[in-house]
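Structure assessment
Residues per chain, in single letters:
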Amino acid sequence: MKQQIIVSGLGGQGALTLTRLLAEAAAAMGLPVITSETHGMAQRGGTVISMIKVGPFRGPLIPAGEADRGLFLHPRNLAVHRFYLREGAGVFVNTATPGDYRSLDAQSLAAAQGLPPVAANLILLGYAAGRGGLFAGPDLLIEMIAARTPERFREASLKAFQLGIVTAV
Amino acid sequence: MFAKVPVLDPSSPREAKDMVTQALELSERFGLPVMVRPTTRVCHARQNVSCGAPVRLDRPAQFHKDPRRWCATPVFVLELHRELNGKIDAVAGLPEFAPQLTAGDGSRPGVCIIASGVAWAHTGDWLEELGLLGRVDFYQVTMPYPLNRDFMKTVRSRYEKILVIEETYPVIELQLADARVQGRTSGLVDRAGELTPDVIRPVLEKFLALPVRVAPAPPGGGDRPTLCAGCAHRAAFYAIKTAFPAGIFPSDIGCYTLGVNLGAVDSCHCMGAGISQAAGFYRAYVAGGGEFPTIVATIGDSTFFHAGVPALVNAVFHQARFILVILDNATTAMTGHQPTPQVGVTASGEPGHPVFIPDLVRASGAGFIKEADPYDLPAFLDLLKSADAYCRSPEGGVAVVIAKHLCLLDKEARKSQAVYRMDVSEACTGCLHCLEDFECPALSLDESDGRVIIDAGRCVGCGVCVHVCPEGAITAASGVRP
């Protein structure tokens, strides 16, 4: 099993949360996993990218044109980070604008359900998992979210993820 | 290498964890400092690792007096240096730290690739993908210094074509000292910059005469980071550049380096340098015989504790005239919110004896020390102007302004301050002053009517931007929380 995923967003959108959830899921499946993150500026609104490499990789970075999946928390990031994706990669974008990718207006979905804007990250993750696009299935990811989220955010986090799954099917 | 410190290069977080144990054992065995050197990508990576039981050393601290060993004075230093050379020679002979070979199948005789650290990891991933792992001799150097003696002999005698891929400086290359080696010295590997997979791939293609893979090029761009909405540093920077439009603004390393995007930071070098640079600017302008401009150095509270104090003492002592603004947000915001010594709590959460910045500043001899909250922008502006007047007065010197406001990434701090309901009235002319010169991420331009709007999701209701709008179009209503 090998899967290389990029998570691209703006600092504060929860790219690191998704990265860690996916890494925990891989570890729970007994798969080797290595991730690379943008630090320091991560909470200050700039463009950030994380990489998750599941499988027997040595290095933490994904070369240009090699990523299998891309989760884009902000549509502006498509132009910046799309070059990491290989031909035919699964691309999931948080946007109301359709295009040559799978789009989902997670921001509006969150607002409609009374969830905070930052919940868009888990809605997008739920959507990608619901589409069957990730190495880990929705059930395992739900387990990870339940286990790793602080109690006061748990219910909202699970609700956001479920919302993504429902939208996918 | 010239410090003669043995170095271990981990290629991954997992290896880094294992190497700490090896490094400690090596250090204890030879009585030497040993360095574990993860470069950027290992430091910024996470990986699943297995944890062993912690080993307790259970030995009491006991210092054995031995000046011959512990006093590097001229009397002892020659013998100490000879001893050190002997230790390094011994470490270079240890088989357990010799490079690890993934042997080729003989199809490329006389050819080898030598790599260390994360560059080895990236190279290995490429060789595997290219089906060349196990086809060409591939060495992982786990200890780039001192390079294993037998390994150097083997490389020189067995190979004709040798590629070395290492971050950061060509330490392995320098020790191999062989004209046949290709790498950073020969120019096959770029002499500057990180060795990412995308940098390494073309190197391998050239060295192994492989077909060239056409990879998509990074288009660049992206959003630059900015200070958080409500960050008091933004208010302080706005006041500084408003008060002194022709000023010089040396700064330092932290979140506040982002002031460069606000035009309120002109330099950023090593920690503490901003204060010394301010003193240097003053000296240079005075030496030139002209008027000296207002110089405002900024430094964060943690950076001031770490490296600002000696520079301040030096500046005061040598009678420099500039304003030092210490941006005191009571935390180390950029690197993970460790408390500063002033908070009186250690990084591990235990009580410490607090050390106060005003006490340190007073002890430095600075003759002007004032504390203020930059949220009160008009008052802060006035304070800066009086600081400038002090600098320029006959008895003047370094004026220190401590800009105090808690970092808002601390949720408790956010809860403790007043929150205003912010709005933009019809009076907004769309002049963009607030967007270009204040750059709060909660403010943006509504393209449809050319007026500024406030993103309620990002606005923290600090109320500072009220003072920024030249038209008075930004309004603050109290009531959300007084």
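In this text the structure is predicted, and so the values were computed from the model without any measurement. (Residues numbered from 1 in each chain as written. Chains lettered and ligands numbered in written order. Predicted model: local features only at pLDDT ≥ 70, side-chain atom pairs only at ≥ 80, totals over all residues.)

**Here's the deal with helix H5 (residues 117–129) of chain B**
All names here are of chain B. A rise of 1.5 Å per residue sets the reference length of H5, with its 13 residues, at 18 Å; its end C-alpha atoms lie 19 Å apart and thus fit the reference within 8%. Buried residues dominate H5, accounting for 11 of its 13 residues. Turning to H5, its buried residues number three or more, namely Gly117, Val118, Ala119, Trp120, Ala121, His122, Thr123, Gly124, Asp125, Trp126 and Leu127. Those residues of H5 that are buried lie in contact with helix H2 (40–43), strand E5 (111–116), strand E6 (137–141), strand E7 (161–165) and helix H8 (197–208). Once H5 ends, the next one or two residues include Gly131, with phi positive near 70°. (Helix = DSSP H or I, 4+ residues; strand = E, 2+ residues; numbered from the N terminus. Expected span 1.5 Å × (residues − 1). Buried ≥ 20, exposed ≤ 12 C-beta atoms within 10 Å, placed from the backbone. Contact = placed C-beta atoms within 7 Å.)

**A closer look at H8(B)**
Three- or four-residue spacings in an α-helix give side chains the same orientation, since the helix completes a turn every 3.6 residues. All names here are of chain B. End to end, H8 covers 16 Å across 12 residues, agreeing with the expected 16 Å (1.5 Å per residue, within 8%). Within the sequence span of H8, burial applies to Pro197, Asp198, Ile200, Arg201, Val203 and Leu204. Just past H8, the residue Ala209 takes up positive phi, approximately 55°.

**Thoughts on unusual backbone geometry**
All names here are of chain B. Residue Pro146 follows Tyr145 across a cis peptide bond; omega there is -10°. One can find Pro146 in the loop between E6 and helix H6 (149–158). Here Glu167 and Thr168 are connected by a cis peptide whose omega angle stands at -5°. Secondary-structure assignment places Thr168 in the loop between E7 and helix H7 (171–176). The backbone phi angle of Ala209 is positive, close to 55°, even though this residue is not glycine. Tracing the backbone through its elements, the reader meets Ala209 in the loop between H8 and helix H9 (232–243). Overall, Ala209 belongs to the exposed group, with 6 C-beta atoms counted inside 10 Å. For Ala330, which is not glycine, the phi torsion reads 60° and is therefore positive. As for its placement among the helices and strands, Ala330 is situated in the loop between strand E10 (323–328) and helix H12 (357–364). On the neighbour-count criterion, Ala330 (18 C-beta atoms within 10 Å) is partly exposed.

**Re the confidence of the model for chain A**
Mean pLDDT for chain A: 93, with 98% of residues reaching 70 or above. Put simply, helix H3 (residues 106–112) of chain A is where chain A has its lowest mean pLDDT, 93, and strand E4 (residues 67–72) of chain A is where it has its highest, 98. (pLDDT = per-residue confidence, 0-100.)

**Some remarks on the nonpolar core**
Leu71(A), Ile123(A), Leu124(A), Ile114(B) and Ile165(B) are the most contacted members of the largest nonpolar core, which has 96 residues in total. Of the residues that make up this core, three or more belong to each of domain 1 (7–93) and domain 2 (96–208) of chain B. Setting aside chain neighbours within four positions, we find Leu71(A) in contact with Ile5(A), Val7(A), Leu18(A), Phe92(A), Leu124(A), Leu125(A) and Ala128(A). The next biggest cluster of nonpolar side chains, apart from the first, holds 71 residues, and it includes Ala264(B), Ala278(B), Val361(B) and Cys407(B). (Core = buried A, V, L, I, M, F, W, Y, C linked by C-beta atoms within 7 Å. Domains from an automatic or database assignment.)

**Let's talk about the sheet that holds strand E5 (residues 85–94) of chain A**
With mixed pairing, seven strands are arranged side by side in an open sheet as E6(A)-E5(A)-E4(A)-E1(A)-E3(A)-E2(A)-E3(B). This sheet does not close on itself; its edge strands, each paired only once, are strand E6 (102–104) of chain A together with strand E3 (45–47) of chain B. Adjacent strand axes in the sheet meet at a mean angle of 15° when their direction is disregarded. Where strand E2 (residues 33–36) of chain A and strand E3 (residues 47–54) of chain A come together, four bridges link them in antiparallel fashion. The residue of E3(A) that forms the bridge with Thr35(A) is Ile52(A). Running at roughly 135° to E5(A), helix H4 (residues 120–130) of chain A makes contact with E4, E5 and E6 of chain A of the sheet. (Pairing = 2+ DSSP bridges. Axes fitted to C-alpha atoms, helices over the stretch in contact; angles between N-to-C directions.)

**Quick word on the sheet that holds strand E11 (residues 368–372) of chain B**
In any sheet, the strands associate via hydrogen bonds between backbone groups, in a parallel or an antiparallel arrangement. Residue and element names in this part refer to chain B. Sheet architecture is open: four strands sit in the order E9-E10-E12-E11, paired in parallel fashion. Bordering the open sheet on either side are strand E9 (296–300) and E11, each of which pairs with just one other strand. Across the sheet, the axes of successive neighbouring strands diverge by a mean angle of 20°, strand direction being ignored. Both E10 and strand E12 (residues 399–404) contribute to a ladder of six bridges, which runs parallel.

**Examining the pairing of E7(B)**
Residues and elements named next belong to chain B. Burial analysis of E7 places four of its five residues in the buried class, the great majority of the element. Alignment of E5 against E7, held across five bridges, turns out to be parallel. By the bridge assignment for E7, Ala115 is matched with Ile165. Pairing analysis gives two bridges linking E7 to strand E8 (residues 181–182), with the strands arranged parallel. Among the inter-strand pairings, Ile162 is bridged to a residue of E8, identified as Val181. Running through H7, the crossover from E7 to the neighbouring parallel element E8 is right-handed. (Right-handed = clockwise from strand over helix to strand, strands pointing away.)

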